[in-house]
Amino acid sequence: MKTKHYKFFAFVALILILGISAQAEDLRKIVSLSGNWKFSIGDDSKWANPLFDDSDWDQISVPGQWENQGYKDYNGYAWYRKSFKTGDLPANTTIFLQLGRIDDVDMVYLNGKELGGCGKFPPNYITAYNQTRKYTIPADFLKENDENVIAVRVYDSYLEGGIVEGPAGFYYDEDNDFLNLNLSGKWKFHTGDIKGWKSPDFNDQEWKTINVPSAWENEGYNDYDGYAWYRLKFNLPQNLTNGELYLSLGKIDDVDNVYLNGKFIGNVYDLKKDGEYRSYGWEYNARRLYKIREGLLNRNGENTIAIRVYDGQMQGGIYEGPIGIMSAENYRRYKNKYHTDRSFWDYMFDKFYRNDN
Amino acid sequence: MTTLRNSTRIKTLFISALICLFTQSGKAYAGEENLVLLQSLKGNWQFSIGINEAWISPKFNDSEWETIKVPSPWENQGFNGYNGYAFYRKKITVPSLYKGRMLYLNMGYIDDVDEVYLNGHKIGSTGGFPPDYNTAYNAERIYYVPEQYINFDGSNLIAVKVYDSTQEGGIVSGEIGLYGGKASVNFDVNLQTTWKFQPGDDLRRKESDFDDSGWVEIFVPAKWEDQGYRDYDGYAWYRKSFIFPTNNENGKMVLLMGKIDDIDQVYINGTLVGSTGNFPSRPGAEVYTGQEFDAFRGYYIPDGLLKKNQKNVIAVRVLDTGGVGGIYEGPVGIITQTKYIEYWRKMKKSGN
């Protein structure tokens, strides 16, 4: 009888937890891209051009597999195109394009510029059918209050194909409003693990750049698991030259060691006392909020953040915001917003179920 | 009582699921779901027992021969007890209306082995003649008819060489006739013809200068089980050389490989152009296959790979993990991307 109850509680707790992890980020939609798109099978680099005339193309509904929309049994290349108008774009924040799940490989062009892609096109084909597409929009890619054209090149090996699952649209993370200094954007990135990479003196000029936040699978590192380092140099603005400050690094998959100007300032396991890190297996879901010790920041000059990340399997890297520096006041507001998430049932689940696994 | 009723319902469900399963797989292999009858060829054919290569030729005069009803075992038509070789011949007219359409000859079920010729050109064969005798009495014969062998609006001769080992023999049953595919594929290079074939595996076979002169000939598309490789599972290679005509527009070309059982890698002039399924990384490693056999292959050919007005070589590496094997269903050939897009738009309109 006792076991039965226990299982019931665990089940209820599981449902609650699933409900909560679904609303992890506070994404607001700017432009929806669901509905009718222009569609053609085949492959031609000219179709990326925003001026290409697609008026005699077929139409297809997004999201949805093309097999259910008249292209049963079709495998291979196809292109999706859509024109859309934007209104006012939110300022000082990062805008994302979400395209849900694409089967198998994609490359996205916004107004003719290459935005990003997942998987690998033939001949050395690698599927990414299971990867959620979320691409960071660089400044000047999206035209404000104007017509824009998005073109998506898709390759499907076999079985279902296309932009198969939503959501599709442009979004921004409202939690960026809690940042006094937004550090999302291009960071330096290198796979592997070398101790010296934490040093502010290390020369990372040869390193590749990567969008932060974004799962590295969305940034050309298909299927990469293991160690990698992120580095960024920044200066504090005038209005932040005094007072207690916090470093927010959003969510990282799976484990991180964070260094500021060469000194260790924390990792996911330090978040246990806050309740942000709950138990083994929860690493990827903990909001990284590290207090910056007094005297560590160079308030008037250059600072270097170096983050060592280890990803065990599947999606990896700094994949969700907000990324940047928060004042004590914003830190408290941000904490309060999410603090209520953890109910009695979460506690029960962590205590009696998660630890048992 | 409730339990009993439930179990009956489950049984019914199970049986209908089974029926569903069988009809589905039957469809996938027969390759005739899109075929429509253009001209029935049931009825009287000229017939003679014996074997003579001259009988293949349209010039041979068969007016002295017996007439026989098709389909029906020859035992029922005065040849009771006869086993061995025999020939069937029939003249047909193919209207030019059918030009540009995919045409197929359905010769039904033949007991035991056959070879079919149109105007002296071999268009298909199932089973194995002695000395490597191999019956195929339970296989339906559906042969693609290459357009270049057809004399449109004129007389065309079908000659069928049959070998029967024991019991009933001949073209015994089936919906004998000339059939057309629903959507026509207007190939720039039609590859539905004889290819070179060799079981086994060797990656050197992908090279265009590989010597395949010692290989056997096989029809594409058709499962290899009907062409002398009855119980063969495992690796095999297909090779075909062809001239790529210069009169082509400069756009992208697509290689249609139809359906292949189970997985494949396709090379043109030694370069990989497409693949379906995952080949084992090292010999002897476990192979996992699922629905690859049912996937329709359309591989986009990288620009500049096809040599215009010169010899090009396609090499196809196939791994069959069980059951039916090979390039078993068309269309197989090369078309421009523009025509390929039209083809799919047409398929969509026809309700596909």
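Residues numbered from 1 in each chain as written. Chains lettered and ligands numbered in written order. Predicted model: local features only at pLDDT ≥ 70, side-chain atom pairs only at ≥ 80, totals over all residues.

## A few points about the overall build of chain B
And step 1. A tally of regular secondary structure across chain B gives two helices and 21 strands.
And step 2. Every one of the 352 residues in chain B was classed for burial, and the buried ones make up 36%.
And step 3. Intrachain contacts of chain B at a sequence separation of at least 6 include 81% that bridge at least 24 residues. (Helix = DSSP H or I, 4+ residues; strand = E, 2+ residues; numbered from the N terminus. Buried ≥ 20, exposed ≤ 12 C-beta atoms within 10 Å, placed from the backbone. Contact = placed C-beta atoms within 7 Å.)

## Describing the overall build of chain A
And step 1. Each helix and strand counted, chain A has three helices and 21 strands in total.
And step 2. The contacts of chain A with a sequence gap of at least 6 include a subset with a gap of at least 24, amounting to 82%.

## Considerations on the confidence of the model for chain A
And step 1. The share of residues in chain A with pLDDT of 70 or more is 88%, and the mean pLDDT across the chain is 88.
And step 2. Every residue in residues 18-23 of chain A is under pLDDT 50, and counting partners more than four places away or in other chains gives two contacts. (pLDDT = per-residue confidence, 0-100.)

## Description of the sheet that holds strand β7 (residues 113-118) of chain A
Residue and element names in this part refer to chain A.
And step 1. Across the sheet, six strands lie side by side as β3-β2-β4-β9-β6-β7; this open sheet has antiparallel pairing. On the outer flanks of this sheet lie β3 (58-62) and β7, each paired with one strand and no other. The sheet shows a mean angle of 30 degrees between the axes of neighbouring strands, taken without regard to direction. (Pairing = 2+ DSSP bridges. Axes fitted to C-alpha atoms, helices over the stretch in contact; angles between N-to-C directions.)

## What about the sheet that holds strand β13 (residues 194-199) of chain B?
Residues and elements named next belong to chain B.
And step 1. As summarised here, the arrangement of the six strands in space is β14-β13-β15-β20-β17-β18, forming an open sheet in which the pairing is antiparallel. Both outer strands of the open sheet, β14 (216-219) and β18 (271-276), are each paired with one neighbouring strand and no more. Sheet twist, expressed as the mean angle between neighbouring strand axes with direction ignored, is 30 degrees.
And step 2. Alignment of β13 against strand β15 (residues 234-243), held across four bridges, turns out to be antiparallel. By the bridge assignment, P199 is partnered in β15 with A236.

## Considerations on the domain arrangement of chain A
Residues and elements named next belong to chain A.
And step 1. Along its sequence, chain A is organised into domain 1 (27-173) and domain 2 (179-356).
And step 2. For domain 1 versus domain 2, the distance between C-alpha centres works out to 29 Å.
And step 3. Facing the 14 residues of domain 1 at the interface are ten residues of domain 2.
And step 4. Sorting the residues of the side of domain 1 that touches domain 2 by element identifies β7 and β8 (132-137) as the ones contributing at least two each.
And step 5. Partitioning the side of domain 1 that touches domain 2 into residue classes produces four nonpolar, six polar and four charged. (Domains from an automatic or database assignment. Nonpolar A, V, L, I, M, F, W, Y, C, P; charged D, E, K, R; others polar.)

## Some remarks on the domain arrangement of chain B
Residue and element names in this part refer to chain B.
And step 1. According to the domain assignment, chain B consists of domain 1 (35-181) and domain 2 (189-349).
And step 2. Just the C-alpha atoms count here: the centres of domain 1 and domain 2 sit 28 Å apart.
And step 3. Facing eleven residues of domain 1, the contacting portion of domain 2 comprises twelve residues.
And step 4. With three residues, the single largest contributor to the side of domain 1 that touches domain 2 is strand β7 (residues 121-126).
And step 5. Partitioning the side of domain 1 that touches domain 2 into residue classes produces five nonpolar, five polar and one charged.

## Overview of unusual backbone geometry
Residues and elements named next belong to chain A.
And step 1. Residue P63 follows V62 across a cis peptide bond; omega there is 0 degrees.
And step 2. Within the secondary structure, P63 is located in the loop between β3 and β4 (76-85).
And step 3. For the peptide bond that leads from D103 to D104, omega is 5 degrees, which places it in the cis range.
And step 4. Within the secondary structure layout, D104 lies in the loop between β5 (95-103) and β6 (105-110).

## Let's talk about helix α2 (residues 337-349) of chain B
And step 1. Between its first and last C-alpha atoms α2 of chain B spans 18 Å; for 13 residues at 1.5 Å apiece the expected length is 18 Å, and the two agree.
And step 2. Of the positions making up α2 of chain B, those classed as buried are Q337, Y340, Y343 and W344 of chain B. Along the axis of α2 of chain B, the buried positions cluster into a sector of 110 degrees, meaning they face one direction only.
And step 3. Of the surrounding secondary structure, the elements contacted by the buried residues of α2 of chain B are β2 (35-41) of chain A together with β16 (253-261), β19 (296-301) and β21 (326-336) of chain B. (Expected span 1.5 Å × (residues − 1). Arc of directions from axis to C-beta.)

## Quick notes on the confidence of the model for chain B
And step 1. Per-residue confidence for chain B gives a mean pLDDT of 86, with 88% of residues at or over 70.
And step 2. Predicted as a complex, the structure gets a pTM of 0.74 and an ipTM equal to 0.71.

## What to know about the environment of E174 of chain A
All names here are of chain A.
And step 1. Here E174 is to be found in the loop between β11 (169-173) and β12 (181-182).
And step 2. Taking the number of C-beta atoms within 10 Å as the measure of exposure, E174 has 15 and is therefore partly exposed.
And step 3. Along the chain, E174 and G321 lie 147 residues apart, while their C-alpha atoms are 9.7 Å from each other.
And step 4. Beyond its immediate chain neighbours, meaning those up to four positions away, E174 contacts D26 and R28.

## Examining the environment of W74 of chain B
Residues and elements named next belong to chain B.
And step 1. Locating W74 in the fold gives a position in the loop between β3 (66-70) and β4 (84-93).
And step 2. Sequence spacing of W74 and I171 is 97 residues, and the spatial spacing of their C-alpha atoms is 8.0 Å.
And step 3. Setting aside residues up to four positions removed in sequence, W74 forms contacts with I68, F79, Y82, A86, G169 and G170.

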